[in-house]
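Spelled out, the chains give:
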Amino acid sequence: MGITARGVGLLVAAVVLLGAGFRYAYPELTVLGAAAGVAVGYALVTAAWRPRLTVERVADPDRVARGEPAAMVLTVRNTGRLRAANLLAEDRCGGRLVPVPVLRLRPGRDTEVRYPVPTRRRGVVPVGPLRVTRRDPLGLVALARAYGGTVPVWVHPRIHPLSAVPTGAGRSLDGRIDSVPHGSITFDSLREYVVGDELRRVHWRTSARVGELMVRENVDTSLPRLVVVLDNRAAAHPDRDAGVAESFESGCEAAASVVAAAVREDLPVSLLLVAPAPAELESSHGPLDRLAAAELAEGGADVLRAALTRLRQDRLGDTLVFLSGPGARGDLGHVGALRGAYPSVVVGMFGAAEPTAAGTAGVLVVDAADGAEFAAEWDGIRRW
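Since the model is a prediction, treat every value here as computed from it, not as a measurement.

The next subject is unusual backbone geometry. Geometrically, the link from D60 to P61 is a cis peptide bond, its omega value of -10° lying close to zero. The topology assignment puts P61 in the loop between β2 (53-60) and β3 (63-65). For the peptide bond that leads from G128 to P129, omega is -5°, which places it in the cis range. The phi dihedral of A25 falls on the positive side, at around 60°, and the residue is not glycine. Turning to its location among the elements, A25 is positioned in the loop between α1 (5-24) and α2 (27-48). You can call A25 exposed: its relative accessible area is 64%.

Structure (structure tokens):
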């Protein structure tokens, strides 16, 4: 609860008038002071009344690519028995306030507001809560309360279409098979039949020999797996424009493009950040949501070495795509050391003032100004 400047002035006047009236025995001043005090007290009681409002908000849609339109639909209903008089409401959308007309909202009625959500920048735009301010008729006291929760709008990086995907290298009981575009089904073992197995997978010769139904177990051994690593260290992206590292934004777009292309081709893909994101974000959101929420974090070469050590130990795939900025050019030797664990290593460098030397650290380096240029260069790659 806050007393306005008018209320402070009237309260001071009440104290002065009451003091002067009693001190100098002027009943008129005492009456005026008492009236001013009563007015302030009435204002406090009036503003303290809490209007009964319900707030519903729907994002339309709640996930968009950068630059695409998004809107928030806000519905405010007066569930009380009294008219919601002297109310001012504002909804918070990112860093701005949107006025909501609720003045004199009748009981049982609602008002609906639709307004655009800014999507110029990648990120998570928090919308809400609704801030309702109640004032007394004299404007002496103002009390603000929050209604409703916060709804996030996920602004994903732009996705640039990629027509080429890695072919990978198959490993199976039949030997190594190179350049397998989509994998193959290879026999792995036999097991007992369980209810629900397809009869076409029954191995009848073995079943007749052992006296019970046996089914074939197949594995998709040659399916190439992609690992996309986004370098989100602030040290890797030193250049800023209005507080935004454009090289990091380009890296996010490139990561989103590779992930989308892999999903389109039904290829397994993993997205990792050099500086780990919060655990709840990693476990409960998809890769595009994680890219929308990705932020630059503190960390130097030690953070990168720890991430690369985990990659070497886990061996998550066949093709490693490492995306970084000009501040990481001196770290490519550590990335190149992963070639023993990943047959194909591609490095995307964004925002570099000069081209990276060809063959640096034994990896394929793609210099690009932004995500669109990276996509064009990616489609030109024929060596995996």
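More follows now that the structure is in view.
Its location among the elements puts R145 in strand β9 (residues 141-147). Look at R145: it is buried, it has no salt bridge, and the nearest opposite charge is D136 at 12 Å. Among the polar contacts listed, one links the side chain of R145 to the backbone oxygen of A48, at a separation of 2.9 Å. Ignoring any residue separated from it by four or fewer positions in sequence, one finds R145 in contact with A47, A48, W49, R50, P51, L130, R131 and V132.

This next bit is on the sheet that holds strand β15 (residues 226-230). In any sheet, the strands associate via hydrogen bonds between backbone groups, in a parallel or an antiparallel arrangement. The strand order β16-β15-β17-β18-β19 describes an open sheet built from five strands, whose pairing is parallel. The two strands at the open ends of the sheet, each matched to only one other strand, are β16 (269-273) and β19 (364-368). Here the average twist between neighbouring strands, direction ignored, is 15°. Pairing analysis gives five bridges linking β15 to β16, with the strands arranged parallel. Its bridge partner lying in β16, V228 is registered against L271. Against the sheet, helix α4 (residues 246-264) makes contact with β15, β16, β17 (319-324) and β18 (344-350), and its axis sits at roughly 165° relative to β15, the strand it touches most.

So, about the packing of aromatic side chains. Applying the stated criterion across every chain yields a total of two aromatic pairs. Between F350 and F374 the ring centres are 5.6 Å apart and the planes differ by 50°, which places this aromatic pair in the tilted class. Linking F350 in strand β18 with F374 in helix α9 (residues 371-379), this pair joins segments that are 24 residues apart in sequence. A single burial state applies to F350 and to F374, both of which are buried. Ring centres 5.8 Å apart and planes at 45° place the aromatic pair F374 and W378 in the tilted group. One end of the pair, F374, and the other, W378, are both in helix α9, four residues apart, so they sit about a helical turn from each other. When its relative accessible area of 1% is taken as the criterion, F374 is described as buried. Overall, the relative accessible area of 1% leaves W378 in the buried class. Ring-pair connections join several aromatic residues into one group, and the members of that group are F350, F374 and W378. Just above the ring of Y24 sits the side chain of R23; from NZ or CZ to the centre is 5.2 Å.

Once that is clear, we can look at α1. The first and last C-alpha atoms of α1 sit 28 Å apart over 20 residues, in line with the 28 Å expected at 1.5 Å per residue. For α1, every residue scored as buried is listed here: G7, A14 and G21. The arc that holds every buried residue of α1, seen down its axis, measures 60°, which confines them to one face. Those residues of α1 that are exposed and aimed more than 90 degrees away from the buried face are A5, V15, V16, R23 and Y24. Contacts made by the buried residues of α1 are with β1 (2-3) and α2.

Before going further, it helps to examine the packing of α1 against α2. The description of two packed helices rests on the angle between their axes and on the distance between the axes. Across the interface, α1 lies against α2 with an axial gap of 7 Å and an inter-helix angle of 150°. It follows that α1 is roughly antiparallel to α2 by the angle criterion. In the packing of α1 onto α2, the handedness of the crossing is left-handed. Contacts between α1 and α2 involve G7, L10, L11, A14, L17, L18, A20, G21 and F22 from the first element and L29, T30, L32, G33, A34, A36, G37, A39 and V40 from the second. Residues of the contact of α1 with α2, tallied by class, amount to 13 nonpolar, five polar and no charged.

What follows concerns the environment of E253. Among the secondary structure elements, E253 is positioned in helix α4. E253 sits in the buried class, given a relative accessible area of 7%. Distance in space between the C-alpha atoms of E253 and A292 is 9.9 Å, their sequence separation being 39 residues. Apart from residues lying up to four places away in sequence, E253 is in contact with R66, P157, R158, H160 and G371. Only 3.5 Å separates the side chain of E253 from the side chain of R66, close enough to count as a polar contact.

On to the sheet that holds β2, then. One open sheet holds the three strands; their spatial order is β2-β4-β7, and the pairing between them is antiparallel. Looking along the sheet, the strands with just one partner apiece sit at the ends: β2 and β7 (110-116). The sheet shows a mean angle of 15° between the axes of neighbouring strands, taken without regard to direction. As judged from the seven bridges shared by strand β4 (residues 71-78) and β7, these two strands associate in the antiparallel manner.

Basis of the calculations
- Residues numbered from 1 in each chain as written.
- Predicted model: local features only at pLDDT ≥ 70, side-chain atom pairs only at ≥ 80, totals over all residues.
- Heavy atoms only, no water.
- Helix = DSSP H or I, 4+ residues; strand = E, 2+ residues; numbered from the N terminus.
- Buried < 20%, exposed > 50% of the residue type's maximum accessible area, 1.4 Å probe, protein only.
- Lys, Arg positive; Asp, Glu negative; His and termini not counted.
- Salt bridge = Lys/Arg side-chain N within 4 Å of Asp/Glu carboxyl O.
- Polar contact = N/O pair within 3.5 Å; in protein donor to acceptor, adjacent residues only side chain to side chain.
- Contact = heavy atoms within 4.5 Å.
- Pairing = 2+ DSSP bridges.
- Axes fitted to C-alpha atoms, helices over the stretch in contact; angles between N-to-C directions.
- Phe/Tyr/Trp six-rings, centres within 6.5 Å; stacked < 30°, edge-to-face > 60°.
- Lys NZ or Arg CZ within 6 Å of the ring centre and 35° of its normal.
- Expected span 1.5 Å × (residues − 1).
- Arc of directions from axis to C-beta.
- Parallel < 35°, antiparallel > 145°, perpendicular 65-115°, else oblique.
- Left-handed = near helix turned anticlockwise from the far one by under 90°.
- Nonpolar A, V, L, I, M, F, W, Y, C, P; charged D, E, K, R; others polar.

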